[in-house]
Amino acid sequence: MTVPRYLSSFSLDELPRQDFDVIIAGGGIAGLYTALCLSSTHHKVLIIAKHSLLDSNTRYAQGGIAAVFSDDDAPEYHLQDTLLAGAGLCDPKAVEVLVHEGPACVQDLMRLGTNFDTKQDGSIALTMEGAHSRRRILHAKGDATGSEIIRALSEQVKGDPHITVWEDHYVIDLITHEEVCLGALVLRPDGSQVLAAGKATVLCTGGAGQLYRCTTNPEAATGDGIAIAYRAGAYVRDMEFVQFHPTALSLPDAPRFLISEAVRGEGAWLRNIHGERFMARYHPMLELAPRDVVARAIISEMEATGADFVYLDITHEDPERVRARFPTIYATCLRYGLDLTKDRIPVAPAAHYMMGGIKTDLSGETNIKGLFACGEAASTGVHGANRLASNSLTEAIVFGRRIAQRISELKAAASPLTAASQEHRDPLTMPVAEKQRHLQETMLRYVGVRRHASTLKIALEELRSHQVIFSAKLRTREEYEYANLLTCALLTTEAALLREESRGGHYREDYPEQDDAWLRHLVFQREIGIVEEPIYEHA
Ligand SMILES: Cc1cc2nc3c(=O)[nH]c(=O)nc-3n(C[C@H](O)[C@H](O)[C@H](O)COP(=O)(O)OP(=O)(O)OC[C@H]3O[C@@H](n4cnc5c(N)ncnc54)[C@H](O)[C@@H]3O)c2cc1C
């Protein structure tokens, strides 16, 4: 892949510059919590968010946040469950960090005003989710955990004198000099550019669900941080591992709203369009089989029946209980004319979570000095080949706190800010909306739940034919987002083609077995190319 170092034309001599201690790109749980940890050590922090702070993947998180809180649970059980889900590719050291530091960080969320649901006696209500061996999922307002966390954290951030927030601003690229990150090139709402400079920059830009035509992620999830870091020379790891959620609402013209796994946990059945309950043909655990198995089963049924969906059916359960347990899902379905307690809900798999991302160490630092990554954009080693449900919110706060600690130890960078500049190019002449839809369709069709060398090669050829955008002069947020999506799509497809086995979220029809020869990571770096990394690098 020939990706340019910078996407836009600029001259550092002419750019206005604003100085902070730390620049944080992203206003989801990772960005907000890292900023609050940094402000407590009096750092002057800038948060940049491309929309409002209320619009991020975090806001849509339903199920909850995983941490050891009950007497019959222990970090070792959480560790085992996470390693099992990760299918041999987790970094056990990173998982140890997650399970041991998670509870204190979740307590910190409470101190900062997050109200988790409690039982009648006032103790925290814990629920169970697929592949967790104990009840360890904290939730808020039933199924509105993410929006409650964002409410609490954004209130804290907005009242914090050390934190400046730039909403509707867009990070285009990182400015680096001799493998040191000096800050970020930012697009302002009026179309002008500004340089935000600091001793450290943290990419908290979230995932890349928009790579696919069907996704549970909001429009903002365009993989910006991963592509930005890749252009700057960071290592990007495990991009073939995309988690598809089996049950997203599937209605024409409606967003792919997630119908939580907890609905199946509470007794919902899957039926094909002929009304047949089909999971017995695919797995002994029926509807509670692992997510990837359920997703593949649903696709097989959709193909066999020629339909775009199957049904999720919880009409046999007590309506009062269903309404109380899933208030958000119930209200959302009702907006589309579907009553969860009376109607079967049409669902289909959708891209949900990017396991891979910007490779970091246990302090969230990348191979570029002064550059950190946190949250879904990062690859800390916690998730391996498949994420255990509800571990991502925990990962964001645990590593956010570590990043803040590490940055506190850093000295201010001497920033020459003279080296970076970019040659002028011809403007882009084509609209990108159409191209983006095409990319999303290609990814869904060829790099989706089921993959095969022959179709992955078609995808790669298609995607490569669009690389011309990398030599054009880009100016709008939509153009930058499309270039970032294309970068992530190429990385995902190349990695998926190379990994000749099935593991975790990655399923190859031509290599349906897991193969121990593939117990290694695929890491991409812009100048070096592909670097194969052995497992347990920190051991
Ligand atoms: C429907 C749904 C349900 C989920 N349920 C759960 C759950 O129950 N439990 C769980 O643990 N996980 C869940 N997840 C996953 C979890 O929500 C995410 O992994 C997590 O919220 C990611 O947090 P983040 O801070 O890394 O990114 P996000 O919350 O996505 O925030 C990214 C931020 O970066 C900003 N941004 C992006 N690019 C740029 C740019 N170029 N310039 C400026 N700003 C930029 C965005 O505007 C946004 O503010 C769910 C995800 C979805 C979509």
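Quick caveat: nothing in here was measured; it's all calculated off a predicted structure.

Before going further, it helps to spend a moment on the UniProt feature "active site" (unreviewed entry) in the protein. Look at the UniProt record and you will see "active site" (unreviewed entry) annotated at Arg291. Examined against the element boundaries, Arg291 turns out to sit in helix α8 (residues 291-305). Here Arg291 is in contact with Gln243, Phe244, His245, Pro246, Glu261, His352, Arg387 and Ala389, once residues within four sequence places are set aside.

We now examine the site of the ligand. Near the ligand you find 37 residues, and of these Thr58, Gly63, Gly64, Glu376 and Ser392 are the closest. Glu376 is positioned with one of its side-chain polar atoms (N or O) 2.6 Å from an oxygen atom of the ligand. Between the ligand and the protein, one listed contact pairs an oxygen atom with a backbone N or O atom of Ser390 at 3.4 Å. For the ligand, whose unbound accessible area comes to 1000 Å², protein coverage reaches 97%. For the shell around the ligand, the elements supplying multiple residues, two or more each, are α1 (29-39), α2 (57-60), β8 (170-177), β16 (345-354) and α11 (391-409). A per-class count over the shell around the ligand returns 12 nonpolar, 20 polar and five charged.

Attention now moves to the pairing of β16. In terms of burial, β16 is largely enclosed, as 10 of its 10 residues are buried. Both strand β15 (residues 310-313) and β16 contribute to a ladder of three bridges, which runs antiparallel. Note that in β16 the partner of Tyr311 across the bridge is Pro346.

Glancing now at the state of the cysteines. The tally for this structure, following the rule as stated, stands at zero disulfides. In this structure Cys204 is a free cysteine whose sulfur lies 4.9 Å from that of Cys374, the closest cysteine sulfur available. Exposure remark for Cys204: the relative accessible area of 7% places this residue in the buried category. Here Cys214 stays unpaired: no disulfide links it, and the sulfur of Cys333, its closest cysteine neighbor, is 16 Å away.

To continue, consider the pattern of salt bridges. Inspection of the entire model under this criterion finds 42 salt bridges. Put simply, Arg231 and Asp173 hold a salt bridge, and the shortest N to O gap is 2.8 Å. Taken as a pair, Arg231 in helix α6 (residues 224-232) and Asp173 in strand β8 lie far apart in primary sequence, 58 residues in all. For Arg231, a relative accessible area of 0% puts it in the buried group. Across the salt bridge formed by Arg325 and Glu266, the nearest N and O atoms sit 3.4 Å from each other. Separated by 59 residues along the polypeptide, Arg325 in helix α9 (residues 319-325) and Glu266 in the loop between α7 (261-265) and β14 (269-271) bring together distant segments of the chain. Given a relative accessible area of 23%, Glu266 falls into the partly exposed group. Ionic contacts of the salt-bridge type, sharing partners, join the residues Lys50, Asp224, Arg477, Glu478 and Glu481 into one network.

A separate point is helix α10 (residues 327-335). Turning to α10, its buried residues number three or more, namely Ile329, Tyr330, Thr332 and Cys333. Looking at the buried side of α10, the elements it contacts are α7, α9 and β16. Once α10 ends, the next one or two residues include Gly337, with phi positive near 80°.

This next bit is on unusual backbone geometry. The residue Ala87 is not glycine, and still its phi comes out positive at about 55°. Tracing the sequence through the fold places Ala87 in the loop between α3 (75-85) and α4 (92-111). The phi torsion at Asp238 lies on the positive side, around 60°, for a residue other than glycine. Following the sequence through the fold, Asp238 ends up in the loop between β12 (236-237) and β13 (242-249).

This part covers the sheet that holds β8. Within a sheet, each strand pairs with its neighbour through backbone hydrogen bonds, oriented either parallel or antiparallel. In space, the four strands of this open sheet follow the order β1-β10-β9-β8, with mixed pairing throughout. Each edge of the open sheet carries a strand with a single partner, namely β1 (17-19) and β8. Neighbour-to-neighbour, the strand axes of the sheet open up by a mean angle of 30°, direction not taken into account. Of the strand pairs in this sheet, β8 and strand β9 (residues 180-187) are connected by seven bridges, and their pairing is antiparallel. When the sheet's bridge partners are listed, Ile175 is paired in β9 with Gly183. Packed on one face of the sheet, helix α14 (residues 477-498) meets β8, β9 and β10 (193-197) and runs near 65° to β8.

Core analysis: the largest hydrophobic core is formed by 81 residues, its most contacted members being Leu211 and Leu439. In terms of residues, this core owes the most to one element, α14, which gives 12 residues. Not counting residues within four places of it along the chain, the set of residues in contact with Leu439 comprises Leu211, Leu463, Tyr482, Leu485, Leu486 and Ala489. If you look at the next biggest cluster of nonpolar residues, it comprises 53 residues, including Val22, Ile29, Val97 and Ala396.

Moving on: the packing of aromatic side chains. Going through the model one piece at a time under the given rule, you end up with six aromatic pairs. Their ring planes at 10° and their centres at 6.0 Å tell us that Tyr170 and Tyr480 sit as a pair that is stacked. Taken together, the positions of Tyr170 in strand β8 and Tyr480 in helix α14 put the pair 310 residues apart, joining distant regions of the chain. Assessed through its relative accessible area of 2%, Tyr170 is described here as buried.

Calculation notes
- Residues numbered from 1 in each chain as written.
- Predicted model: local features only at pLDDT ≥ 70, side-chain atom pairs only at ≥ 80, totals over all residues.
- Heavy atoms only, no water.
- UniProt positions renumbered as here; feature names shortened; annotations may be inferred.
- Helix = DSSP H or I, 4+ residues; strand = E, 2+ residues; numbered from the N terminus.
- Contact = heavy atoms within 4.5 Å.
- Near = heavy atom within 4 Å.
- Polar contact = N/O pair within 3.5 Å; in protein donor to acceptor, adjacent residues only side chain to side chain.
- Areas by Shrake-Rupley, 256 points an atom, 1.4 Å probe, with all protein chains shown as cover.
- Nonpolar A, V, L, I, M, F, W, Y, C, P; charged D, E, K, R; others polar.
- Buried < 20%, exposed > 50% of the residue type's maximum accessible area, 1.4 Å probe, protein only.
- Pairing = 2+ DSSP bridges.
- Disulfide = S-S within 2.5 Å.
- Salt bridge = Lys/Arg side-chain N within 4 Å of Asp/Glu carboxyl O.
- Axes fitted to C-alpha atoms, helices over the stretch in contact; angles between N-to-C directions.
- Core = buried A, V, L, I, M, F, W, Y, C linked by side-chain atoms within 4.5 Å.
- Phe/Tyr/Trp six-rings, centres within 6.5 Å; stacked < 30°, edge-to-face > 60°.

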